[in-house]
Amino acid sequence: MPHPFDLSVYLVTDPRLTEARGLIETVEQAVAGGATLVQLRDPDAKGRALAEQARALLDVLAPKGIPLIINDRVDVAAAVGAQGVHLGQDDLDPAAARALLGPQAIIGLSIGTLDELTASNLAPVDYVGCGPIKATGTKSDAGSAIGLEGFAFLRAHIHLPMVGIGGLALEDAADVIRAGADGVAVVSALCAAPDVMSAAAHLRAAVKAARAEGRSA
């Protein structure tokens, strides 16, 4: 069984957006405000530099029970003892990642189209990151926006926890949850926020309220 995880407020880091405040400070504030999962994403960092960042984040997150997910780099996740890895369609196959990281690892997979879903082996996967829901400038290879309708369509075909991602802001959170998401993954909505703690708290509250609305409907 994988480590327990909560997709509610999923922070994906961006080195350009955290540069002024600092990666560690940004993540600390986000978690204090209510972020439930953190993905370290820095496509330009070499292995050693990425591992150093990951270890520093683990020092912050482990005492709080917040899992650290490494984007793409299964080798770095294994080397530092991160709780999981998030894979794109062109990354290592999820089954190979599972074999390397073991049964407790959290393995996420990006899916944005029906063709990608058809080509994906979801057996080793614990959650799906679905999008981009809106156009995004934080990931150059994110693909075309699928909208809430595209997300809801894929939700009907995927029986795993799902997090919506791609250009999302606070005002999008409720609609994404209503479309069937288990959580909202954000980059600039937290990394570029003037007050990260407050932004995370408002996002967490919006997700909670949308869930409550769904249960009472």
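Below, the structure is looked at part by part. Given the structure is predicted, the values throughout are model-derived calculations rather than measurements. For every chain, the first residue of its written sequence is number 1, and the numbers climb from 1 along that sequence. Residue-level local features of this predicted model are given only where pLDDT is at least 70; pairs of side-chain atoms are given and counted only at 80 or more, and the full residue set underlies all totals for whole chains, interfaces and linings. Hydrogen atoms and water are omitted, and side-chain values are computed over all heavy atoms in the structure.

**Some points on the pairing of strand S2 (residues 37–40)**
- For each residue, the accessible area found with a 1.4 Å probe, counting protein chains only, is set against the maximum for its type, and the residue is called buried under 20%, exposed over 50%, and partly exposed in between. Runs of H or I in DSSP of at least four residues are treated as helices and runs of E of at least two as strands, each being numbered from the N terminus. Of the two faces of S2, the one carrying Leu-37 and Gln-39 and the one carrying Val-38 and Leu-40 are both buried.
- Should DSSP find at least two bridges between two strands, the strands are regarded as paired. Here strand S1 (residues 9–12) runs beside S2; their pairing, made up of 3 bridges, is parallel. When the bridges of S2 are listed, Leu-11 appears paired with Val-38.
- Bridge count for S2 against strand S3 (residues 68–71) is 3 bridges, and the pairing is parallel. Each residue of the ladder has a partner; that of Leu-40, found in S3, is Ile-70.
- Regarding topology, helix H3 (residues 47–61) serves as the crossover connection from S2 to the parallel S3, and that connection is right-handed. A crossover gets the label right-handed when its path from the first strand over the helix to the second runs clockwise, viewed with the strands pointing away from the viewer.

**Structural notes on helix H5 (residues 94–101)**
- Along H5, the residues classified as buried are Pro-94, Ala-97 and Arg-98. The arc that holds the buried residues of H5, viewed along the axis, is 100°, so those residues lie on one side. Seen from the buried face of H5, the exposed residues on the opposite side, beyond 90 degrees, are Ala-99 and Leu-100.
- Residues are treated as being in contact if the distance between any of their heavy atoms lies within 4.5 Å. Its buried side turned inward, H5 meets helix H4 (74–80), strand S4 (84–87) and strand S5 (106–111).
- Two N or O atoms form a polar contact when they lie within 3.5 Å of each other; inside protein one atom must be a possible hydrogen donor and the other a possible acceptor, and for residues adjacent in sequence the pair counts only when both atoms belong to side chains. Two to three positions downstream of the cap, the backbone nitrogen of Ala-95 sits 2.8 Å from a side-chain oxygen, assigning the N-cap of H5 to Asp-93.
- Remark: Gly-102 follows H5 within two positions and exhibits a positive phi of approximately 95°. Arc definition: it is the arc formed by the directions from the helix axis to the C-beta atoms.

**A look at H3**
- Given a helix with a known number of residues, its expected span is that number minus one, times 1.5 Å. Compared with an ideal rise of 1.5 Å per residue, which puts 15 residues at 21 Å, H3 spans 20 Å between its outermost C-alpha atoms and is within 8% of the ideal.
- Looking at H3, one finds that the buried residues are Leu-50, Ala-51, Ala-54, Leu-57, Leu-58, Val-60 and Leu-61.
- Buried residues belonging to H3 abut helix H2 (23–33), S2, S3 and H4.

**A word on the nonpolar core**
- Within this scheme, the nonpolar core is defined by two criteria: the residues are buried Ala, Val, Leu, Ile, Met, Phe, Trp, Tyr or Cys, and they are joined through side-chain atoms within 4.5 Å. Core analysis: the largest hydrophobic core is formed by 59 residues, its most contacted members being Leu-61, Leu-68 and Ile-70.
- Ranked by the residues each element gives to this core, the list is headed by H3, at 7 residues.
- The residues contacting Leu-61, other than those within four sequence positions of it, are Val-27, Val-31, Val-38, Ile-66, Pro-67 and Leu-68.
- Core analysis: the next-biggest nonpolar cluster, separate from the first, contains 10 residues, Tyr-10, Val-12, Ile-106 and Val-163 among them.

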